[in-house]
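Working through the structure, step by step
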Amino acid sequence: MFTLILFASFISSINAAAIVSRSQPYSLPQTGVLGPQSKLTIGNKAIAPDGYQRSATLVNGVFPGPLITAQKGDNFSIEVANQLTDTSMFMSTSVHFHGIYQNGTNDADGTVSVTQCPVAPNNSYVHSFSAQNQAGTFWYHSHYSCDGLRGAMVIYDPEDPLAYMYDVDNASTVITLSDWYHAEATVLRYVIGNEADATLINGLGRYVGGPASDLAAINVEQGKRYRFRLVGMSCDANFQFSIDGHSMTVIEADGQLTEPLVVDQLQILAGQRYSVVVTADQPVDNYWVRSLPDSTNASFVGGTNSAILRYQGAPSVEPTTVNTTSTNPLQETNLHALVNPAAPGIPEYGAADINLNLQVANINGIFFVNNVSFTAPTVPVLMQILSGAQEATDLMPNGSVIVLEANKVVELTLSTTGPGGPHPIHLHGHSFSVVQSAGNSTFNYANPVRRDVVSAGSEGQQMVIRWVTDNSGPWFLHCHIDWHLNTGFAVVMAESPSETRATMNQTAPGWDELCPAYDALTPDQLGGGGLDNYEAAADISTLLYPPPTVPGSI
C-alpha cells in the first residue's frame, strides 16, 4: 500500500590523564538534551526559523530536534510517538538513526520499505539498540519527511585518543547545517530541480528579501579550544563552511576519527558530519560563520547563509569581518583514518571478494541504477526475508535488491551521468573505506578516509568504496538528496538473508504491528495534500513530475 518517495602512531604518546580531564564536560547536564532512553514526539507546529512562518513536522516541538547524547557503550531505547495532524504533510512517520550500524537490530534502523512500515498516527514504536563500540557524531531524521524532522546525535568517548586537542565538547559545540523550504515537501516532491529558500545554522537563518530575523550565536571564550561537531542535515544542499579569521583542524568524519588535518574551509554534503577543532585565538569580537549552499546566486548579503561566532566580552552585534578566499580547503584525499586505516582486502582495484559496478543515470529527473529506478515494495524487505525470501530474484523491488554473502570484502564502483551532482551516497549499516574519491584518478588502499556518506561527484565521475559484509540484514544504499531518493536513486544491499532469518527470530515488540496499522489508514489519514499539493507545485514551476496516483512519502 505504501510507497517510499523519498536516502596512528602518535596515540601511544598521549597522556592518559589528559584524556580523562578533557572528557569531564561530557557528563555535564545540558538543557533540552535527551539521553539514550528517550521519547521523540513527532507533531506539527508553525515555526518561522528564517522569518517566514509555515507549518512543519517537528520532534518535541523544536527545529532542529533535540540533541540526543550518550556515552560509548550505552544501550538505547528511543520511542517514536506519532502525533501528526496536518494533512497537508504526510501523517505517518519514521526515524532513522544515521550512522548507527544496528548490528543485530536491523528492525531498529527506521527505514520505511526496507526495515519497517511507517508509524501510523496515534501509534508509537520503540527503537531498542546498542551502538556497541561506536562513538562520534551522528544524527537522526525521517526517510518519510523533509519538513523538519531531523536532529543531531552524539556518542561521547571518555577515552577519546584526540581529547588532548580540545577543551570544550558539549551541546553548545554542536553545529547543525540545514536547508529550509517555505513550501511543504509534499508540494516540492513534484518539482524537478527545486532549491531551498534559506540556510539554517542551529535552526536560524534568513532568506533573500526577508526580514533581519535572528541568527544563531556560537559563544566562545578567548584562549579555549572547541570541538565543533558539524552536522549536514539538509534535504539537498551541500555547504562550503568556514569561520572568518579561524582555521579548523578536522579530527572526525562521519563517526570515524581521522588524522588531524588543518583546513580553512570544508564542503559538507547532506548526511555528512565533521568534527573540527577551532582555537579561539583572535581578538575579542564577533566573526561571521559562513555556510554557503550550492544554489543559484547564493551569497552572504544581509546575513544570509550565516551565523555568528561571538567571543565572551564582545557586544551583541553582527560581525563586520570580511570573507576571504580559501587557500587551504579540505580535500577528501587528504583525510586518513586514525585507527586501522587500511582498506579491507587485497589492495588492488577489482581484487575484492565481490566487485560491484553501479551506473546511475538521470533521465528527465528520474534516477535509474543499472537501468532500474527504485520503487518501494509493498512489504518491507526485512519482512520478506523473515518470511523466507533468500535470493535476489525472490526479493522486491525487482532489480533493486543485491544479495551479498556474509564476511566478504565488497568493492563498489559508482558512476553517474546526467545533472544533479554531487550526489552524497550513504550506506546504512556500515562505514566504508573511500579508496577513490570522485574527481580523483588515484586509488588509496593504505590509509583512506573511512565514513558513511561519500560524494559520487558529478557527471562522468566515479567513486570507489570498500566494506566487509559482517552485519547481516537489508541495508539501504542511496543518494542522500531527498528529491533524488524520491525519484529512484537507491538500491538495497541484502547481506546474508539466511543469517538474518536465523539471528532475528524475534523482532522488537510492536514491529510486526506497524504494517497492519499503516495499511488500515484511509486516504485522509495518510495526509500528503493529494492533488491540491500538485496544483500548488504547478504554481511554483512548470517542470513537474507526473501527478500522484497513489499515496506517497519522502
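Before reading further, recall that the structure is shown in the block above.
In what follows, the accompanying structure is described. (Residues numbered from 1 in each chain as written. Predicted model: local features only at pLDDT ≥ 70, side-chain atom pairs only at ≥ 80, totals over all residues. Heavy atoms only, no water.)

1. Describing the sheet that holds strand E30 (residues 490–495)
Here five strands make up an open sheet; going across it, the order is E22-E30-E29-E24-E27 and the pairing mixed. Every interior strand has two partners, whereas the edge strands, strand E22 (401–404) and strand E27 (453–455), have only one. Here the strands of the sheet are splayed against their neighbours by 20° on average, with no regard to which way each runs. For strand E29 (residues 473–479) and E30, the ladder comprises six bridges, and the chain directions are antiparallel. (Pairing = 2+ DSSP bridges. Helix = DSSP H or I, 4+ residues; strand = E, 2+ residues; numbered from the N terminus. Axes fitted to C-alpha atoms, helices over the stretch in contact; angles between N-to-C directions.)

2. Here we look at the state of the cysteines
Going through the model one piece at a time under the given rule, you end up with two disulfides. Each sulfur in the disulfide pair Cys117 and Cys515 lies 2.0 Å from the other. Torsion about the S-S bond of the Cys117 and Cys515 cystine: about 90°, corresponding to right-handed handedness. Of the two residues, Cys117 is situated in the loop between strand E5 (96–98) and strand E6 (124–130) and Cys515 in helix H6 (residues 511–519); the sequence distance between them amounts to 398 residues. Neither residue differs from the other here; Cys117 and Cys515 are each classed as buried. The partner cysteine of Cys146 in its disulfide is Cys235, sulfur to sulfur 1.6 Å. Residue Cys146 is found in the loop between strand E7 (136–141) and strand E8 (150–156), and its partner Cys235 is found in the loop between strand E12 (225–232) and strand E13 (239–243); the two are separated by 89 residues along the sequence. With respect to class, Cys146 is no different from Cys235; both count as buried. (Disulfide = S-S within 2.5 Å. Buried < 20%, exposed > 50% of the residue type's maximum accessible area, 1.4 Å probe, protein only.)

3. Regarding the side chain of His423
Looking at the secondary structure, you find His423 in the loop between strand E23 (409–417) and strand E24 (424–427). His423 sits in the buried class, given a relative accessible area of 1%. When neighbours within four sequence positions are excluded, His423 is seen to be in contact with Leu269, Phe367, Thr416, Val454, Ser455, Ala456, Gly457, Cys479, His484 and Phe489. (Contact = heavy atoms within 4.5 Å.)

4. A closer look at the nonpolar core
Ranked by size, the top nonpolar core spans 67 residues in total, and within it Phe228, Leu266 and Met493 carry the most contacts. Looking at this core, the element that brings in the most residues is strand E20 (residues 354–363), giving four residues. Judged by nonpolar contacts, the second largest core, of 23 residues, contains Leu40, Ile42, Val59 and Leu149. (Core = buried A, V, L, I, M, F, W, Y, C linked by side-chain atoms within 4.5 Å.)

5. Quick word on the environment of Asn103
Relative to the elements of secondary structure, Asn103 occurs in the loop between E5 and E6. Separated by 76 residues in sequence, Asn103 and Asp179 place their C-alpha atoms 31 Å apart. Leave out the neighbours within four places in its chain, and Asn103 touches Gln132, Asp470 and Asn471.

6. Focus: the pairing of strand E3 (residues 65–71)
In terms of residue burial, E3 counts as a mostly covered element, since six of its seven residues are buried. As paired strands, E3 and E8 are joined by five bridges and run parallel to one another. Residue pairing in the sheet places Thr69 in a bridge with Val154 of E8.

7. Some thoughts on the environment of Gly245
For Gly245, the position within the fold is in the loop between E13 and strand E14 (248–253). Its relative accessible area of 54% is what places Gly245 among the exposed residues. Taking C-alpha positions, Gly245 is 46 Å from Tyr534, a pair spaced 289 residues apart along the chain.

No statement about biological role is implied by the geometric values presented.
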